[in-house]
Amino acid sequence: MKTSLAWHNLAHNKSRTATVAAGITFAVVLIFMQLGFFGSIETTATAIYQSLDFDIAIRSRKYLHLCDGDSFSRTRLDQAAAVPGVERVQPFHAALTVWRHPQSGSSRGILAMGIDPNAPAFRAPEIRRQSALLAHPQKALIDRATRAEFGPRDGKQFGDGDIGMTTEVGMREIRLAGHFAIGTGLAADGAVLLGEGGFRRVFPDRPAGDVTLGLVKLAAGADPDEVVAHLNNTLPQDVEALTRQDVLAFERHRWVTATSIGVIFQVGVVVAMLVGLAIVYQVLSSDISAHIAEYATLKAMGYTNGYLAGVVMRQAAAMAVLGFVPGWALSEVLYRLTSQVTNLPIEMNLGRTAVVFALAVSMCIGAGVLALRHAYRADPAELF
């Protein structure tokens, strides 16, 4: 047959086709949004670590996450620096504290980070350019991803207009000397960067010689796994050393798998697929039931169940395409809006587009398989 029966079935009842396309679009948008949030968790979970300049990290064995990393003696960094293959070790400090809103005076939790101004721990050129400013204990840099609720002057985002602003961090007055963009992580809605002197000033109760992390840079040609093994065998058991890859994997596992955040969005993807499956199944099964006489006629003419299955599968695949295209376009718009409102790193990419398209097709094909039993029951004898 030159005329596609599957396409004829779709074109014959345009309102029904529009309904199923809208249902699939809804399911596609749900899947895109769930995967977008899930992807933003993976990105945000490692945003700060991705920006730090290190090959190996030394941390307390009581470490939970960056905002609750415990602390250990700086002596461990001096001991690590003597291990073969280690070029240098830099201190890094991080802890949650309180930020006072510059205008309203209300308080919010914020992540405070501390670095040596003379040996910036970050890769970002804009932080390295401004690190000397942090030698003054009252000066700080603020992450532009910090939410607007923290009080930027324009009410939207921290930037150049906020340089010189004074407020309090940890009950200590600070002055913003600049800004940077990294991302605040999942445990806080904002982040400020201080020099080591400024960090100790904000946290006077912390032992002066303690650090949160030791950031190890390796000498050229040194093997990270061998140096990690040497460090773990050499250093006291209150700390542990991990390669960069292991640190990133740990953070992803914690936020994506070990907490409810990632599980919620994974379940959301499954629910979205079930919604789409139910919609497509209902439409296909009702369409087959409405044309059961035509299917029976085809069987009487000698067409096999295999042919009927091909018609239904092609119809299901066409429905997937009709629903996916507007779903993708709408999701792109929602990604941009959500990113602007929440500061989450949600963006469309080719890999996610391919995954959702495959899921949409699988969803529709699955519904087609379930609906086939109606076509198989078409009996030519019932025509007479």
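From a predicted model like this one, the values you see are computed outputs, not experimental measurements.

**Student:** Sorry if this is basic, but what is going on with the packing of aromatic side chains here?
**Tutor:** By convention here, two paired aromatic rings are described through the distance between centres and the angle between planes. A complete count under the given rule lists nine aromatic pairs for this structure. Each ring, one from Y49 and one from F54, has its centre 6.2 Å from the other, and the planes form 65°; the classification is edge-to-face. Ring centres 4.6 Å apart and planes at 35° place the aromatic pair F199 and F203 in the tilted group. The exposure class assigned to F203 is buried, which follows from its relative accessible area of 12%. Put simply, the rings of F32, F324, Y335 and F357 touch in pairs and so form one group of aromatic residues. Looking at R244, its charged tip hangs above the ring of F54, at a distance of 4.6 Å from the centre. Over the face of the ring belonging to W255 we find R254, whose NZ or CZ atom lies 5.3 Å from the ring centre.

**Student:** I tried to follow helix α7 (residues 224-234) on my own but got confused; where do I start?
**Tutor:** Residues spaced three or four apart along an α-helix point in a common direction, a consequence of the helix completing one turn every 3.6 residues. Residues V227, V228 and L231 constitute the buried set of α7. Looking straight down α7, one finds that the buried residues subtend no more than 100° of arc, so they occupy a single side. Facing away from the buried side of α7 by over 90 degrees, the exposed positions are D225, E226 and N233. You can read the cap of α7 off the contacts: a side-chain oxygen lies 3.1 Å from the backbone nitrogen of D225, and it is on D223.

**Student:** Can you help me understand the side chain of Q90 in this one?
**Tutor:** Of note, Q90 is situated in strand β3 (residues 86-100). Residue class for Q90 comes out buried when judged on its relative accessible area of 3%. Within the structure, the side chain of Q90 is placed 3.3 Å from the side chain of R88, a separation counted as a polar contact. One polar contact links the side chain of Q90 to the main-chain carbonyl oxygen of A119, over a distance of 2.5 Å. The residues touching Q90, leaving out its near neighbours within four places in the chain, are D53, L77, A119, P120, A121, L213, G214 and L215.

Thresholds, definitions, all that
Residues numbered from 1 in each chain as written. Predicted model: local features only at pLDDT ≥ 70, side-chain atom pairs only at ≥ 80, totals over all residues. Heavy atoms only, no water. Phe/Tyr/Trp six-rings, centres within 6.5 Å; stacked < 30°, edge-to-face > 60°. Buried < 20%, exposed > 50% of the residue type's maximum accessible area, 1.4 Å probe, protein only. Lys NZ or Arg CZ within 6 Å of the ring centre and 35° of its normal. Helix = DSSP H or I, 4+ residues; strand = E, 2+ residues; numbered from the N terminus. Arc of directions from axis to C-beta. Polar contact = N/O pair within 3.5 Å; in protein donor to acceptor, adjacent residues only side chain to side chain. Contact = heavy atoms within 4.5 Å.

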